[in-house]
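# Understanding the architecture of this molecule
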Amino acid sequence: MQVALDQDTISLERYLEQLFAELIEDGHQFAVWRKPKSPFLQILVDKSCQTKRISPQLEELTTGFIIHPFVDQHDKKAYYLEADEYIKLDLSLPIETQLSISKTMDQDGKKAKSILNQFFLKKSSTKEALNKNFECSKTEFIKLVDKGIQAIKDGHLNKIVPAKMKKVALQESFDLVQSFKSLLNSYPNAFINFFHLPELGTWIGASPEVLIQTKGNEFYTMSLAGTQKALGDNPLKNAAWTQKEIEEQALVSRYIVDCFKKIRLREYEEIGPKTVLAGNLLHLRSDFKVNMATTNFPQLGTVMLELLHPTSAVCGMPRQAAFDFLSQHENLDRSLFAGFIGPVNVEGETSIYVNLRTAQIKNGAALLYAGAGVTEDSDPEKEWEETEMKCEIIGKHLNLNN
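Criteria and thresholds
Residues numbered from 1 in each chain as written. Predicted model: local features only at pLDDT ≥ 70, side-chain atom pairs only at ≥ 80, totals over all residues. Heavy atoms only, no water. Phe/Tyr/Trp six-rings, centres within 6.5 Å; stacked < 30°, edge-to-face > 60°. Helix = DSSP H or I, 4+ residues; strand = E, 2+ residues; numbered from the N terminus. Buried < 20%, exposed > 50% of the residue type's maximum accessible area, 1.4 Å probe, protein only. Lys NZ or Arg CZ within 6 Å of the ring centre and 35° of its normal. Pairing = 2+ DSSP bridges. Core = buried A, V, L, I, M, F, W, Y, C linked by side-chain atoms within 4.5 Å. Contact = heavy atoms within 4.5 Å. 1 Å grid on protein atoms, 1.4 Å probe; cavity = no way out; pocket = protein on both sides within 12 Å on 5 of 7 lines; lining within 4 Å. Points joined across faces, edges and corners; volume = space filled by probe spheres on them. Nonpolar A, V, L, I, M, F, W, Y, C, P; charged D, E, K, R; others polar. Axes fitted to C-alpha atoms, helices over the stretch in contact; angles between N-to-C directions. Parallel < 35°, antiparallel > 145°, perpendicular 65-115°, else oblique. Left-handed = near helix turned anticlockwise from the far one by under 90°. pLDDT = per-residue confidence, 0-100.

## As for the packing of aromatic side chains
Here the structure, examined in full by the defined rule, presents 16 aromatic pairs. Their ring planes at 45 degrees and their centres at 6.4 Å tell us that Tyr-268 and Phe-288 sit as a pair that is tilted. Here Tyr-268, found in the loop between helix 6 (243–262) and strand 13 (269–278), pairs with Phe-288, found in strand 14 (residues 281–291); they are 20 residues apart in sequence, far enough to count as distant. For Tyr-268, a relative accessible area of 30% gives the class partly exposed. Since its relative accessible area comes to 0%, Phe-288 is described here as buried. Through a chain of ring-to-ring contacts, the aromatic side chains of Phe-20, Phe-30, Phe-180 and Phe-194 assemble into a single cluster. Positioned above the aromatic ring of Phe-70 is the side chain of Arg-334, whose terminal nitrogen or guanidinium carbon lies 4.3 Å from the ring centre.

Okay, here's the thing in structure tokens:
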């Protein structure tokens, strides 16, 4: 794709501003991402102007980007962007050495900024109902956590993961590209993503959690749970985990192993748990690897995607009982939060992530989503504080505090 820019003032920010503005103005769907610890920014554009939904048979799909809400759809399908255009940029190299870029009269980028600001900061002319996507107060969330703890004590659940949405007005100084660049710089170990579909809206995030990954014959997934604030110069060494947090993470690992047992998969490698840094938070993580050739299981990615989603890390255990509890008591439409997103069959690799640490940008506001893992030993006040910290991971990069 050729984007017109003044070659004397090329920068990543200028390029992305004009690219995003042109794509949004033309009504195209697109996704932009950077994988954890990767130097590459990847951009996929679907020019069809049609919302596509597919059965997630990963091995059969053409190159694209998959998006699935938290709640399973009645037809078991996911949203899909097909790659009409694909761009890969090395963030360590100058833009002009990687792309064909022509001159333009929009030398200061004012037109692109105006298009983006009008699109993201303009408030709806009518009083828009958020349907069930409304904010959750501290009192309401603590009541929900209390209900979850009681359900666990009554023996109905082992774990529950209630979530909330926090709506914050964007400042007039909001700059989409600067926010995206800030996420890239701040969270090198996260899946930084920004995607736009007219039907689903515009989302930006920094997910720490792989749902499934396949490359060649290797399958990979992880269990990520337990949360505490990163403190000190060496937060990994300063971490001290409580029994509640250790058990919470062990439940997620146990769920993955149970999925392997369901499909009679016995040959897998488990590494961990270990403490990992995700933004300004620490988590416990275990890694699981399977050789799909050795196990003669080439469709393992598709099979495990169906078994794992929604994981116990975003829903609870037992999964169906936890899902039913949330459907009854969580007064929130999670939309794409805690669903899954990611590139499929891009350069021979599929990398699908749980859509965590995410925000929807609409009508001059950011809708920030976060959840907390609740067990019998949970303190409702601390679970609220955890959701506030998780919202801040994205919120502080959206010029919300300027």
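## Side note on the pairing of strand 10 (residues 201–207)
Burial runs high along strand 10: seven of the seven residues are buried. Neither face of strand 10 is open: one carries Gly-201, Trp-203, Gly-205 and Ser-207, the other Thr-202, Ile-204 and Ala-206, and all of them are buried. One ladder, built from seven bridges, connects strand 9 (residues 191–197) with strand 10; its direction is antiparallel. Directly across from Phe-194, in strand 10, lies its bridge partner Ile-204. In sequence, strand 9 turns back onto strand 10 through a hairpin of three residues.

## Considerations on the nonpolar core
Among the nonpolar cores identified, the biggest contains 77 residues, and Phe-65, Ile-66, Ile-67, Phe-195, Ile-212, Met-304 and Ile-352 are the most heavily contacted of them. Sequence-distant contacts of Phe-195, that is, excluding residues within four places in its chain, are made with Phe-30, Ala-31, Phe-65, Ile-67, Gly-201, Thr-202, Trp-203, Leu-336 and Ile-341. Within the second largest apolar cluster, 45 residues are counted, among which are Ile-87, Phe-120, Phe-180 and Ile-361.

## As for the layout of surface pockets
Here the largest pocket defines a volume of roughly 540 Å³. If you go around the largest pocket, you meet 27 residues; those closest to its centre are Pro-36, Lys-37, Asn-189, Pro-208 and Arg-285. The element that contributes the greatest number of residues to the lining of the largest pocket is strand 13, accounting for five residues. Each residue belonging to the lining of the largest pocket can be placed in one class, and the counts come to 17 nonpolar, four polar and six charged. Looking at the second largest pocket, it is lined by 16 residues, and the ones nearest its centre are His-68, Asp-72, Lys-76, Glu-306 and His-309. Among the elements of the structure, helix 7 (300–308) and helix 8 (319–329) are those that each provide at least two residues to the lining of the second largest pocket. When grouped by side-chain class, the residues that make up the lining of the second largest pocket number five nonpolar, six polar and five charged.

## Notes on unusual backbone geometry
For the bond from Gly-272 to Pro-273, the omega torsion is 10 degrees, close enough to zero to count as cis. With respect to the helices and strands, the residue Pro-273 is situated in strand 13. Put simply, His-309 and Pro-310 share a cis peptide bond, and its omega is -10 degrees. On the secondary structure map, Pro-310 appears in the loop between helix 7 and strand 15 (316–317).

## Notes on the packing of helix 3 (residues 138–153) against helix 9 (residues 380–395)
Where helix 3 meets helix 9, the axes come as close as 9 Å, and the angle between the chain directions of the two elements is 125 degrees. One element, helix 3, and the other, helix 9, form an angle in the oblique class. Here helix 3 and helix 9 pass one another in a crossing that is right-handed. Contacts between helix 3 and helix 9 pair Lys-138, Phe-141, Ile-142, Val-145, Asp-146 and Ile-149 from the former with Pro-380, Glu-381, Glu-383, Trp-384 and Thr-387 from the latter. Split into classes, the residues belonging to the contact of helix 3 with helix 9 amount to six nonpolar, one polar and four charged.

## Things to note about the confidence of the model for the chain
For the chain, per-residue confidence averages 91 on the pLDDT scale, and residues scoring 70 or more make up 92% of the total. When the criterion is pLDDT under 50, residues 5–9 qualifies, and its contacts beyond four places in sequence or with other chains add up to 17 contacts.

## Side note on the sheet that holds strand 19 (residues 365–371)
Taken together, eight strands build an open sheet; the order of strands is 6-2-1-9-10-18-19-8 and the sheet is antiparallel. At either end of the open sheet lies a strand with only one pairing partner, and these are strand 6 (85–90) and strand 8 (163–169). Strand-to-strand twist in this sheet, taken as the mean axis angle between neighbours without regard to direction, amounts to 15 degrees. Strands in contact with helix 1 (residues 12–25) are strand 1 (29–34), strand 2 (40–46), strand 6 and strand 9; relative to strand 2, the strand with the most contacts, it is inclined by about 15 degrees. Across the sheet, helix 4 (residues 176–186) lies against strand 1, strand 2, strand 9, strand 10 and strand 18 (358–362), angled at about 150 degrees from strand 9, the strand it touches most.

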